[in-house]
Amino acid sequence: LEQCTSGVVVVAGANFDQWASVLDGLPVRTIRNERWQEGMGSSIRSGMAGVPESSLGVLLMLCDQPAVTAADLSRLISVWRSAPERIAASRYANDLGVPAIFPRRYWPQLRELKGKGGAKQIIRNAEAVSAVDMPKAAFDIDTLKQLERLKSQR
């Protein structure tokens, strides 16, 4: 996205070399998460190491939400820019989650995440969150059956 003026960081753990070769030539920075077995928290910590300190916010998203569009992300960015002191989080499946944008004051918490839990706990504990309806984010791919369903819809 052209709105990501500080750049894009992609974190991969298992099968890093395979993913890095797929991303080769794209304008992204790849980071190897050596501790990927620990879960989502370690991936977020690894990615935060690649975020320039000059950035005002960080947009976190997952690779397994293929229905999320550039228009969805643009809407999220627009909402965040209207209140940049707040987290802007996607609302889907009766909950808030990622994609989400975290202002700098939440970065220490992102850098300390552990275990399988991701950034959702930070969103839940935030004093104020700007919610952006994003029903497409509810579809994620966790199984081969879900991947096959996605392929059959294309």
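Note that this is a predicted model, so its numbers are computed, not measured.

A. View of the nonpolar core. Residues Val58, Leu60, Ile87, Phe102 and Leu110 are the most contacted members of the largest nonpolar core, which totals 19 residues. No other element matches strand β5 (residues 95-103), which puts 3 residues into this core. Ignoring anything within four residues of it in the chain, the contact list for valine 58 reads Met48, Val51, Ala100, Ile101, Phe102, Trp107 and Leu110. Among the nonpolar cores identified, the runner-up in size contains 11 residues, and Val68, Leu73, Ile77 and Ala88 belong to it.

B. Highlighting the sheet that holds β5. One open sheet accounts for 4 strands, arranged β3-β5-β4-β6; its pairing is mixed. Taken across any chain shown, the strands that pair with only one partner, and hence form the sheet edges, are β3 (57-60) and β6 (129-133). Strand-to-strand twist in this sheet, taken as the mean axis angle between neighbours without regard to direction, amounts to 30°.

C. Representation of the pairing of strand β2 (residues 29-32) within the structure. As judged from the 4 bridges shared by strand β1 (residues 9-12) and β2, these two strands associate in the parallel manner. Across the sheet, valine 10 pairs through a bridge with threonine 30, a residue of β2. For the crossover from β1 across helix α1 (residues 16-23) to β2, the handedness is right-handed.

D. Molecular detail of the packing of aromatic side chains. Scanning all chains against the criterion turns up 0 aromatic pairs. Looking at arginine 104, its charged tip hangs above the ring of tryptophan 107, at a distance of 4.8 Å from the centre.

E. Just the pattern of salt bridges, in detail. A complete count under the given rule lists 11 salt bridges for this structure. Ionic pairing is found between arginine 75 and aspartate 72, a salt bridge with its closest N-O pair at 3.2 Å. Highlighted residues: arginine 75 and aspartate 72, both in helix α3 (residues 70-82), separated by 3 residues, approximately one helical turn. Taking the shortest distance from any N to any O, the salt bridge between lysine 120 and aspartate 95 comes out at 3.3 Å. Here the residue lysine 120 occupies a position in helix α5 (residues 120-125), and aspartate 95 occupies one in strand β5, the gap between them amounting to 25 residues. By relative accessible area, which is 31% here, lysine 120 ends up partly exposed. With a relative accessible area of 26%, aspartate 95 lands in the partly exposed category.

F. Spatial organisation of α3. With 13 residues, α3 ought to run about 18 Å at 1.5 Å a step, and its terminal C-alpha atoms sit 19 Å apart, in line with that. Regarding α3, the residues found buried are Asp72, Leu73, Leu76, Ile77 and Trp80. Within α3, the buried residues cover an arc of 135° as seen down the axis, which keeps them to one side. Facing away from the buried surface of α3 by more than 90 degrees, the exposed residues are Ala71 and Ser82. Here the buried face of α3 lies against β3, β4 (87-92), β5 and β6.

G. Here's a closer look at the confidence of the model for the protein. For the protein, per-residue confidence averages 90 on the pLDDT scale, and residues scoring 70 or more make up 99% of the total. The spread of mean pLDDT over the elements of the protein runs between helix α6 (residues 144-153), the lowest at 78, and β4, the highest at 98.

H. How the structure looks around helix α2 (residues 40-48). Taken together, the buried positions of α2 are Gly41, Ser42, Ile44, Ser46, Gly47 and Met48. Along its buried surface, α2 packs onto β1, β2, β3 and α4 (107-111).

What counts, and where the lines are drawn
- Residues numbered from 1 in each chain as written.
- Predicted model: local features only at pLDDT ≥ 70, side-chain atom pairs only at ≥ 80, totals over all residues.
- Heavy atoms only, no water.
- Core = buried A, V, L, I, M, F, W, Y, C linked by side-chain atoms within 4.5 Å.
- Buried < 20%, exposed > 50% of the residue type's maximum accessible area, 1.4 Å probe, protein only.
- Helix = DSSP H or I, 4+ residues; strand = E, 2+ residues; numbered from the N terminus.
- Contact = heavy atoms within 4.5 Å.
- Pairing = 2+ DSSP bridges.
- Axes fitted to C-alpha atoms, helices over the stretch in contact; angles between N-to-C directions.
- Right-handed = clockwise from strand over helix to strand, strands pointing away.
- Phe/Tyr/Trp six-rings, centres within 6.5 Å; stacked < 30°, edge-to-face > 60°.
- Lys NZ or Arg CZ within 6 Å of the ring centre and 35° of its normal.
- Salt bridge = Lys/Arg side-chain N within 4 Å of Asp/Glu carboxyl O.
- Expected span 1.5 Å × (residues − 1).
- Arc of directions from axis to C-beta.
- pLDDT = per-residue confidence, 0-100.

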